[in-house]
Amino acid sequence: MIPSTIFPEETNIHALRRRCAELEMELECVRITQQMRLRIAAEVHRSLLPDPVLHDRIWIDVRYVPVEEVGGDYCQVRFPEHSTCYVTMCDVVGHDIGAALLATRISSEVRYGIMYRREPREIVDSLERFMAEYFSDTGMFLSFVAVRIDLERMELTWSGAGHPSPLLMRPSEDKILHLTSQNPVIGLALPGSEKFHQSTVELKSGDRLFLFTDGLFEVLNAEQEPLGIAGLAEIVRSTGCGNLFEVADRVLNRVREYQFEPNNDDQTLIVAELR
């Protein structure tokens, strides 16, 4: 019997095939591990979102539509005492794990400020200092808004840092007020170089407050025209009445009807009604 001859080229090919198979298995393990980490990060991120609120003086509903498993949107609702409600929202630039981790870190900083019942402008100032101390070399920045609602005096005090203007809907007057940001985006200003500002407006029973991130109004239609805050305000005007816990879905559905392409940014919406 004549033994078969194995040429060096065939040996190299078999070795390359085995190596390719090994690399494919390693890549699959990395992919599975990465997916698991993303799922955990997504669960942590979602755990930051507040539950609906049924308070005797205020009702609040929340919606969050991420473009990926994790993102940079974050919000919270806190009652340091029965008659005081804080609503805060931020939008970290980016949609990756880094943005989600920073949003998580921001949440703890904000919670600390709320616990000590700081003024909204003081919360903005503390976040600017925090970013300057720990993240100045990362190039990361974020928009932010802090709202404090005094449920006894029926007053709303807000301080915005480059964040889209919350909308205050007054059905009794058929009016929508734009609560414009008074301060620069956080991460772009030097602490102490700016005096952070806040404003106060009186509230009435039945008023509805809408807070949102820019993913809600930067959507484009088929003509590549953005909805804009004016367009979103018109949607709020036409859909913002009725059962509070149906309003957020109606607003989001109208936004989806306007947009032509899939979301490329996270969308967060908070709707609150004064009782």
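Predicted model only: the values in this text are computed from it and were never measured. (Residues numbered from 1 in each chain as written. Predicted model: local features only at pLDDT ≥ 70, side-chain atom pairs only at ≥ 80, totals over all residues. Heavy atoms only, no water.)

Quick word on the pattern of salt bridges
Right, on to step 1. Evaluation of the coordinates by the stated rule reveals 16 salt bridges.
Right, on to step 2. Residue R117 is joined to E81 by a salt bridge in which the shortest nitrogen-to-oxygen separation is 3.2 Å. Taken as a pair, R117 in the loop between α2 (97–115) and α3 (120–134) and E81 in strand β3 (residues 73–81) lie far apart in primary sequence, 36 residues in all.
Right, on to step 3. You can call R117 partly exposed: its relative accessible area is 46%.
Right, on to step 4. Residue classification places E81 among the partly exposed residues on the basis of a relative accessible area of 32%.
Right, on to step 5. The network of salt bridges with shared partners includes D61, R63 and D249. (Salt bridge = Lys/Arg side-chain N within 4 Å of Asp/Glu carboxyl O. Helix = DSSP H or I, 4+ residues; strand = E, 2+ residues; numbered from the N terminus. Buried < 20%, exposed > 50% of the residue type's maximum accessible area, 1.4 Å probe, protein only.)

Some details on the packing of α2 against α3
Right, on to step 1. Two numbers describe how α2 lies on α3: the axes approach to 10 Å, and their chain directions differ by 140°. Compared by their axis directions, α2 and α3 come out oblique. The way α2 lies across α3 gives a crossing that is right-handed. Where α2 abuts α3, its residues L102, R105, I106, E109, V110, G113 and I114 lie against I123, L127, F130 and M131.
Right, on to step 2. Of the residues in the contact of α2 with α3, the class split is eight nonpolar, one polar and two charged. (Axes fitted to C-alpha atoms, helices over the stretch in contact; angles between N-to-C directions. Parallel < 35°, antiparallel > 145°, perpendicular 65-115°, else oblique. Left-handed = near helix turned anticlockwise from the far one by under 90°. Contact = heavy atoms within 4.5 Å. Nonpolar A, V, L, I, M, F, W, Y, C, P; charged D, E, K, R; others polar.)

Examining the sheet that holds β3
Sheets are built from strands that pair by backbone hydrogen bonding, the pairs being arranged parallel or antiparallel.
Right, on to step 1. Pairing within the open sheet is antiparallel, and its five strands lie in the order β3-β4-β5-β6-β9. Looking at the sheet topology across the chains shown, the edges are occupied by β3 and β9 (199–202). Averaged over all adjacent pairs, the angle separating strand axes in this sheet is 15°, with direction ignored.
Right, on to step 2. When strand β6 (residues 155–161) meets β9, the two strands line up antiparallel, connected through four bridges. Its bridge partner lying in β9, W158 is registered against S199.
Right, on to step 3. Of the strands in this sheet, β3, β4 (84–92) and β5 (142–150) are in contact with α2, which crosses β3 at around 15°. (Pairing = 2+ DSSP bridges.)

A closer look at the side chain of T213
Right, on to step 1. Mapped onto the secondary structure, T213 falls in the loop between β10 (208–212) and α4 (228–239).
Right, on to step 2. A distance of 2.9 Å separates polar atoms of two side chains, one belonging to T213 and the other to D73.
Right, on to step 3. A distance of 3.1 Å separates the side chain of T213 from the backbone nitrogen of T268, its partner in a polar contact.
Right, on to step 4. In this structure, T213 is in contact with D73, M89, C90, D91, H163, P164, D266, Q267 and T268, ignoring residues within four places of it in sequence. (Polar contact = N/O pair within 3.5 Å; in protein donor to acceptor, adjacent residues only side chain to side chain.)

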